[in-house]
Protein chains: 2
Amino acid sequence: MLGVLGGMGPMATVDFLAKLVRATPAGRDQDHIPTLVCSAVDIPDRADAILGAGPDPLPAMRAALARLEAGGATRIAIPCNTAHHWHAALQAGTALPILHIVDAVAETLARTETETGIAAGTGGRVGLLATDGTLRTGLYRERLARRGLTCLGPDPEGQAAVAAAIRLVKAHRVAEARPLLEAQVRALAEAGCDRVVMACTEIPIALAGSDPSGRLVDATEALARACVAACRPDQRPACGAQTAALPRAA
Amino acid sequence: MLGVLGGMGPMATVDFLAKLVRATPAGRDQDHIPTLVCSAVDIPDRADAILGAGPDPLPAMRAALARLEAGGATRIAIPCNTAHHWHAALQAGTALPILHIVDAVAETLARTETETGIAAGTGGRVGLLATDGTLRTGLYRERLARRGLTCLGPDPEGQAAVAAAIRLVKAHRVAEARPLLEAQVRALAEAGCDRVVMACTEIPIALAGSDPSGRLVDATEALARACVAACRPDQRPACGAQTAALPRAA
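Residues numbered from 1 in each chain as written. Chains lettered and ligands numbered in written order. Predicted model: local features only at pLDDT ≥ 70, side-chain atom pairs only at ≥ 80, totals over all residues. Heavy atoms only, no water.

An unreviewed UniProt entry lists chain A under the name Aspartate racemase, with Methylobacterium radiotolerans as the source organism. Comment text from UniProt for chain A, heading Sequence similarities (unreviewed entry), reads "Belongs to the aspartate/glutamate racemases family." (UniProt positions renumbered as here; feature names shortened; annotations may be inferred.)

Caption draft 1: The pairing of strand S1 (residues 2–6) of chain A, seen in detail. Residues and elements named next belong to chain A. Here S1 lies mainly inside the structure; five of its five residues are buried. Here five bridges tie S1 to strand S2 (residues 35–39), and the two strands are oriented parallel to one another. Within the sheet, the bridge partner assigned to leucine 2 lies in S2 and is threonine 35. Crossover S1 to S2 through helix H1 (residues 10–23) is right-handed. Pairing geometry for S1 and strand S3 (residues 75–77), over three bridges, is parallel. Following the sheet pairing, leucine 2 is matched in S3 by arginine 75. (Buried < 20%, exposed > 50% of the residue type's maximum accessible area, 1.4 Å probe, protein only. Helix = DSSP H or I, 4+ residues; strand = E, 2+ residues; numbered from the N terminus. Pairing = 2+ DSSP bridges. Right-handed = clockwise from strand over helix to strand, strands pointing away.)

Caption draft 2: Seen up close, the packing of helix H8 (residues 156–170) of chain A against helix H9 (residues 174–190) of chain A. All names here are of chain A. Two elements in contact, H8 and H9, have axes whose closest approach is 8 Å; the angle formed by their N-to-C orientations is 155 degrees. The angle between H8 and H9 falls in the class roughly antiparallel. Our pair here, H8 against H9, has a crossing hand that is left-handed. Contacts between H8 and H9 involve Gly158, Ala161, Val162, Ala164, Ala165, Leu168 and Val169 on the former and, on the latter, Val174, Glu176, Ala177, Leu180, Leu181 and Gln184. By residue class, the composition of the contact of H8 with H9 is 10 nonpolar, two polar and one charged. (Axes fitted to C-alpha atoms, helices over the stretch in contact; angles between N-to-C directions. Parallel < 35°, antiparallel > 145°, perpendicular 65-115°, else oblique. Left-handed = near helix turned anticlockwise from the far one by under 90°. Contact = heavy atoms within 4.5 Å. Nonpolar A, V, L, I, M, F, W, Y, C, P; charged D, E, K, R; others polar.)

Caption draft 3: Representation of the nonpolar core in the model. Tyr140 and Ile203 of chain A together with Tyr140 and Ile203 of chain B are the most contacted members of the largest nonpolar core, which has 118 residues in total. For tyrosine 140 of chain A, the residues in contact, after removing those within four places along its chain, are Asn81, Ile101, Val102, Val105, Leu128, Thr134, Ala145, Cys151, Val197, Ala199 and Ala219 of chain A. (Core = buried A, V, L, I, M, F, W, Y, C linked by side-chain atoms within 4.5 Å.)

Caption draft 4: View of the interface of chain A and chain B. Taken together, the contacts link 58 residues of chain A with 58 residues of chain B. Taken over both partners, the interface formed by chain A and chain B buries close to 4400 Å², and the fraction arising from carbon and sulfur atoms is 57%. For arginine 46 of chain A, the salt bridge is made with aspartate 29 of chain B, and the minimal N-O distance between the two is 3.0 Å. The tally of links from chain A across to chain B stands at 13 residue pairs in polar contact (both at pLDDT 80 or more). Where the side of chain A that touches chain B is concerned, the elements lending two or more residues are H1, S2 and helix H3 (58–70) of chain A. Of the residues forming the side of chain A that touches chain B, the biggest block, nine residues, is contributed by H3 of chain A. Broken down by class, the residue content of the side of chain A that touches chain B amounts to 32 nonpolar, 15 polar and 11 charged. One ladder, built from five bridges, connects S2 of chain A with strand S2 (residues 35–39) of chain B; its direction is antiparallel. Residue pairing for S2 of chain B: leucine 36 of chain A is matched across the bridge by cysteine 38 of chain B. (Buried area = accessible area lost by both parts, 1.4 Å probe. Salt bridge = Lys/Arg side-chain N within 4 Å of Asp/Glu carboxyl O. Polar contact = N/O pair within 3.5 Å; in protein donor to acceptor, adjacent residues only side chain to side chain.)

Caption draft 5: Representation of the sheet that holds strand S4 (residues 125–129) of chain A within the structure. All names here are of chain A. Strand order in the open sheet made by the four strands is S5-S4-S6-S7, with parallel pairing throughout. At either margin of the open sheet sits one strand with a lone partner, and together these are strand S5 (150–152) and strand S7 (216–218). The average angle at which neighbouring strand axes cross in this sheet is 35 degrees, direction not considered. Relative to S5, S4 is paired through three bridges, and the arrangement is parallel. By the bridge assignment, arginine 125 is partnered in S5 with threonine 150.

Caption draft 6: Main features of the relation of the copies chain A and chain B. Of the transformation superimposing chain A on chain B, the axial component is 0.0 Å and the angular component is 180 degrees, with the fit at an RMSD of 0.0 Å. Interpreted geometrically, this transformation is the action of a two-fold axis. When the interface residues of chain A are mapped onto chain B, 100% of them again lie at the interface, so the same face is used by both copies. (Least-squares fit on C-alpha atoms with pLDDT ≥ 70 in both.)

Below you can see the structure in the form of structure tokens.
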């Protein structure tokens, strides 16, 4: 059973689950992927912690992972980019494989280059829309560099607008967030990025349907597709049978 | 922590979770309701079982409930109307309170009567768009009769169209489902129903944004609002703290 360590934020988790359902080839309920989701909304803010401005979220993430393990999950996805700063620490504490969102994005970048004919840009340059925390950790920069890609974030003023937009989405103010993000997509395109990764799960919620150029890469959707691939019917035993694995509750 | 016994179907569960997030007064992740969701997609079809045409879904529902209990849920919601045929059997097997979707709808009917001035119609008549199984069980008919309301379903041909529409939604063919359902809403209105309950969680997915008259009542949204009320900040201990309730996974 796929375990989803979610709630970072809660609507981003819902967006991920919708993309997981849509990405699954299915004609009836029983064709879908059995999933256990922990929307652990009280995990302290990840970006704040990275910037030294808030408590460590790792204990709360571990507690949520323990709930997923107790409930019978056999493979984990985390629909929050910034949380992947703690991917290695979480993986060290569990035998369950945890998919990595940046690897999923890298696979999408490689696949869409072939499909769309859009090259990775001058010097293989990829734009990043992400939290301050994700940019600070170098999560994408280091992992995409191994594939010969250079990451570029907005300038400081633009990055402040991205951070503000993310907070607006978390507060249900999606319509206000959208123009702030669209301006940064344009700025990154003008700076030579043929592709721009929406590397925070709040961002595709605001930019849904806003990509006539095919330039945007949705990290949430990339992770959903990676989950579908990992839980294909022929791989399904690795995701675990749904029923009868636990005794009936007293 | 709120436990969601879901996956019946998986997109209906996602729709419920989106409505839960939107119905929660929140300015940041930590204001939302900690939630554990089991998308138990291999639960046998509920409507088929009621009609004697498929296996009993109760054992698989109990197994999913056991996963939620093992993961730390303290209160349960089931975003599937037909599954409420087994509400009493599930409640008998657990100490956790299980909200009832028909009670949530009844509360919404009572509240919207006051807010919109739309009366319950001639003889308090309420239309029902539901699975054959839900209609057969009398789930809504009996529970709403206690509040002085009479339920009316489509005629046999209309009901066949509703059942076909539900299957289309489960197969991702939402656009084809919509006109089938709209025709039945019109037919029920012409039969004297001032309000029509979307009493299958697949139906609001197809009819989203399709209610200029304010006639439709969304059972999924009603259940989400009932969860928010049950998990208000002053009630939150009853929903359980998120972290530190389980030991860290080895």
